[in-house]
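Observations on the model geometry
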Amino acid sequence: DAMVIQNPRYQVTQFGKPVTLSCSQTLNHNVMYWYQQKSSQAPKLLFHYYDKDFNNEADTPDNFQSRRPNTSFCFLDIRSPGLGDAAMYLCATSRDRIQGHPQHFGDGTRLSIL
Amino acid sequence: DQQVKQNSPSLSVQEGRISILNCDYTNSMFDYFLWYKKYPAEGPTFLISISSIKDKNEDGRFTVFLNKSAKHLSLHIVPSQPGDSAVYFCAASAKNYGQNFVFGPGTRLSVLP
């Protein structure tokens, strides 16, 4: 059974047109993460939520926002997608932020920009 | 500035032999390391971890070795099976940074029958 579910698997949007990617989890984990992964590169952490507490990485562009309306759901909003934002976006969860709790990943959403 | 490096983009190994995947890191604050495995069209799945208080951790066919002085870790898979063919990511975290993992770019392992 899928425990971290990302929808849609593939998303196509136009240059500059806002897009939202969604992630849901059935693990009841406290922490939810969003990563961006470009081809043949390491997944790069954009931000994470610890419960309702939002934590942005210093180099995450302002164009990227996130919402977590409840424990189960987390959204990634890209306000004005540019061609450089085409990538795989991975959502992950973990029980807690302390070490010893591996992250559980969804299968990702591949975003294409036209 | 890559803090976690996997210098071999790909590796091919014969079925039944040992696979050795390497990972180097630059940040001496890192004290917890993980390996993830990723199949095409799927998200990474956790494989094995090691804390800096250990130099070896074993789980079935998978063993991770940590050399703190060299800032190097390796994943050994013995014996390798065709189902092990995947991309393997090394990740590191530091206690002060909580669970904010830094990932390497991955190594694609192909196990040939």
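Now for a quick tour of the structure. Predicted model only: the values in this text are computed from it and were never measured.

So, the overall build of chain A
Of regular secondary structure, chain A possesses zero helices and 11 strands. Beginning at the N terminus, the succession of helices and strands in chain A can be written as β-β-β-β-β-β-β-β-β-β-β. The C-alpha atoms of chain A give 13 Å as radius of gyration, which agrees with the globular expectation for 114 residues (13 Å, within 12%). Along the longest, intermediate and shortest principal axes, the C-alpha atoms of chain A span 40 × 30 × 30 Å. A buried classification covers 47% of the 114 residues belonging to chain A.

Some remarks on the nonpolar core
Counting 24 residues, the largest nonpolar core has B:F33, B:W35, B:L73, B:L75 and B:Y88 as the members making the most contacts within it. Put simply, the parts of the chain that give this core at least two residues each are strand 3 (19-25), strand 4 (32-38), strand 5 (45-51), strand 7 (62-67), strand 8 (72-77), strand 9 (86-93) and strand 11 (107-112) of chain B.

Some words on the interface of chain B and chain A
The extent of an interface is frequently quoted as the accessible surface area lost upon association of the parts. Every contact between the two is made by 21 residues of chain B and, on the other side, 24 residues of chain A. For the pair chain B and chain A, the summed buried surface comes to about 1,600 Å²; carbon and sulfur atoms form 55% of the total. Taken together, chain B and chain A are joined by zero salt bridges. Linking chain B with chain A are three residue pairs in polar contact (both at pLDDT 80 or more). Of all elements in the fold, only strand 4 and strand 9 of chain B reach the threshold of two or more residues within the side of chain B that touches chain A. Sort the elements by how many residues they give to the side of chain B that touches chain A and strand 4 of chain B lands first, with four residues. Here the side of chain B that touches chain A is built from residues that sort into 11 nonpolar, six polar and four charged.

A short note on the packing of aromatic side chains
Residues and elements named next belong to chain A. Per the counting criterion, the structure on display carries 14 aromatic pairs over all chains. Here Y35 and F105 contribute two aromatic rings whose centre-to-centre distance is 5.5 Å and whose plane-to-plane angle is 45°, an arrangement assigned as tilted. Separated by 70 residues along the polypeptide, Y35 in strand 4 (residues 31-37) and F105 in strand 10 (residues 104-105) bring together distant segments of the chain.

Re the state of the cysteines
A disulfide bridge is the covalent bond that connects two cysteines by way of their sulfur atoms. One pass over the structure, following the stated rule, counts two disulfides over all chains. Put simply, A:C23 and A:C91 are joined by a disulfide, and their sulfur atoms are 2.0 Å apart. Taking the torsion about the S-S bond as the criterion, the A:C23 to A:C91 disulfide, at about -75°, is left-handed. In this pair, A:C23 is assigned in strand 3 (residues 19-25) and A:C91 in strand 9 (residues 87-94), connecting sequence segments 68 residues apart. The disulfide partner of B:C23 is B:C90, and the gap between their sulfur atoms is 2.0 Å. For the disulfide bridge between B:C23 and B:C90, the dihedral angle about the S-S bond is near -75°, and by the sign convention the bridge is left-handed. Of this pair, B:C23 sits in strand 3 while B:C90 sits in strand 9, placing them 67 residues apart in sequence. A relative accessible area of 0% places B:C23 in the buried class. A:C91 supplies the cysteine sulfur nearest to A:C74, a cysteine that is in no disulfide, at a spacing of 6.1 Å. On the basis of relative accessibility, which here comes to 0%, the residue A:C74 falls in the buried class.

Some remarks on the side chain of B:S19
Residue and element names in this part refer to chain B. Along the polypeptide, S19 turns up in strand 3. For S19, a relative accessible area of 0% translates into the label buried. A distance of 2.6 Å separates the side chain of S19 from the side chain of S80, its partner in a polar contact.

Quick notes on the environment of B:T63
All names here are of chain B. Residue position: T63 is located in strand 7. Overall, T63 belongs to the buried group, its relative accessible area being 10%. A sequence separation of 15 residues divides T63 from V78, and the C-alpha atoms of the two residues are 8.4 Å apart. Leaving out residues up to four positions away in the same chain, T63 has contacts with I48, K56, N57, E58, S74, L75 and H76.

Conventions we followed
- Residues numbered from 1 in each chain as written.
- Chains lettered and ligands numbered in written order.
- Predicted model: local features only at pLDDT ≥ 70, side-chain atom pairs only at ≥ 80, totals over all residues.
- Heavy atoms only, no water.
- Helix = DSSP H or I, 4+ residues; strand = E, 2+ residues; numbered from the N terminus.
- Rg over C-alpha atoms; globule rule 2.2 N^0.38 Å.
- Buried < 20%, exposed > 50% of the residue type's maximum accessible area, 1.4 Å probe, protein only.
- Core = buried A, V, L, I, M, F, W, Y, C linked by side-chain atoms within 4.5 Å.
- Contact = heavy atoms within 4.5 Å.
- Buried area = accessible area lost by both parts, 1.4 Å probe.
- Salt bridge = Lys/Arg side-chain N within 4 Å of Asp/Glu carboxyl O.
- Polar contact = N/O pair within 3.5 Å; in protein donor to acceptor, adjacent residues only side chain to side chain.
- Nonpolar A, V, L, I, M, F, W, Y, C, P; charged D, E, K, R; others polar.
- Phe/Tyr/Trp six-rings, centres within 6.5 Å; stacked < 30°, edge-to-face > 60°.
- Disulfide = S-S within 2.5 Å.

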